[in-house]
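Notes for the structure review
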Amino acid sequence: MKLAVCFTPVAVNPGSIAGKPVLVIDILRATTSMIAALAHGAKAILPAASADDALKLAQNLERGSVLLAGERRSERIPGFALGNSPLEMTPDAVAGKTLVMTTTNGIPAILAADDGRPVLIGAAVNFRAAADAARRAFEAAGELTILCAGRDKGFALEDAYAAGRFVEAIVPGRLRRSLELNDAGVAARELVRKYGNDWKKAVTASAHARFLRERNFAKDVAFAAQADTHDLVPVYADRRVTA
Ligand code: MLT
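These lines cover the structure that appears in this document, whether it is placed above or below. (Residues numbered from 1 in each chain as written. Predicted model: local features only at pLDDT ≥ 70, side-chain atom pairs only at ≥ 80, totals over all residues. Heavy atoms only, no water.)

Digging into unusual backbone geometry
Of note, the amide linkage connecting Leu28 to Arg29 takes the cis form, showing an omega dihedral of 0°. Checked against the element boundaries, Arg29 lands in the loop between β2 (22-25) and α2 (30-39). Note that the residue after Arg117, namely Pro118, is joined by a cis bond; omega there is -10°. With respect to the helices, strands and loops of the structure, Pro118 is situated in the loop between α5 (106-112) and β7 (119-122). We note that Ser74 has phi near 75°; this positive angle belongs to a residue other than glycine. (Helix = DSSP H or I, 4+ residues; strand = E, 2+ residues; numbered from the N terminus.)

What about the site of the ligand?
Neighbouring the ligand are 13 residues; Asp26, Ser74, Asn84, Thr103 and Gly106 lie closest to it. Here an oxygen atom of the ligand and a side-chain polar atom of Thr103 are 2.8 Å apart. In the complex, 99% of the free accessible area of the ligand, which totals 270 Å², lies under the protein chains. Of the residues belonging to the shell around the ligand, the class tally is 3 nonpolar, 7 polar and 3 charged. (Near = heavy atom within 4 Å. Polar contact = N/O pair within 3.5 Å; in protein donor to acceptor, adjacent residues only side chain to side chain. Areas by Shrake-Rupley, 256 points an atom, 1.4 Å probe, with all protein chains shown as cover. Nonpolar A, V, L, I, M, F, W, Y, C, P; charged D, E, K, R; others polar.)

Describing the packing of aromatic side chains
Each aromatic ring pair is characterised by the separation of its centres together with the angle its planes make. Counted under the stated rule, the structure contains 5 aromatic pairs. Where Tyr161 meets Trp199, the ring centres are 5.3 Å apart and the plane angle is 90°; that geometry is what we call edge-to-face. Of this pair, Tyr161 sits in helix α7 (residues 157-170) while Trp199 sits in helix α10 (residues 199-204), placing them 38 residues apart in sequence. Neither residue differs from the other here; Tyr161 and Trp199 are each classed as buried. Among the aromatic residues, those joined into a ring-pair cluster are Phe127, Tyr161, Phe166, Tyr195 and Trp199. Against the face of Tyr195 rests Lys194, its NZ or CZ located 5.2 Å from the ring centre. Geometry around Phe211 places Arg215 over its ring, the cationic atom sitting 3.6 Å from the centre. (Phe/Tyr/Trp six-rings, centres within 6.5 Å; stacked < 30°, edge-to-face > 60°. Buried < 20%, exposed > 50% of the residue type's maximum accessible area, 1.4 Å probe, protein only. Lys NZ or Arg CZ within 6 Å of the ring centre and 35° of its normal.)

So this is what it looks like as structure tokens:
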């Protein structure tokens, strides 16, 4: 049984994940926001690599049913209906809508997992449900990649800690001895030794959390660090994320 953690999409070898299960994590904030949006009735989320791609995608959809969502440097892209805050994803805002979304870190990670099957969307907010779904996929396939969005193509503490929590939750004790875990997975588990089961302590210690707090997104950080507030596990397939 092989389990690999990738701290950024740069580390992903597309050939190595083709047809195999992938769990994508972007605690601050894309996967947290997607889970909130789908939990509040969004029909689907279409990832777009850039703002221009998002505009082109949206033009091919029925005007009244699509919302442009996304950020650059954590701020809503001018002209977009939504940014990338999970707190914007209210039922009034998103119910019945298809979101076309582009973000700096989370969306590139999802697009990098395009060849995976299934591609599961995880965060703290759906931790237990996502761990259960990832464990089923891991046991069925005999392998799993946990793909962190990271930050600006680099290591992000909040995602790496989350990866460690998922490794601990996905691999039952009986399999630990036979588990082939890569070095990033070993390091991610060490973060769990440091922070324990305290999501808030780990997430708020990150540079990204500080960056968001400085831009008045402290409530987003608090929301993203709350475990198990949602039990749906979105899946990415055929270029769309759905509940
Ligand atoms: C992301 O991809 O989640 C964003 O780059 C980070 C953010 O929205 O602050």
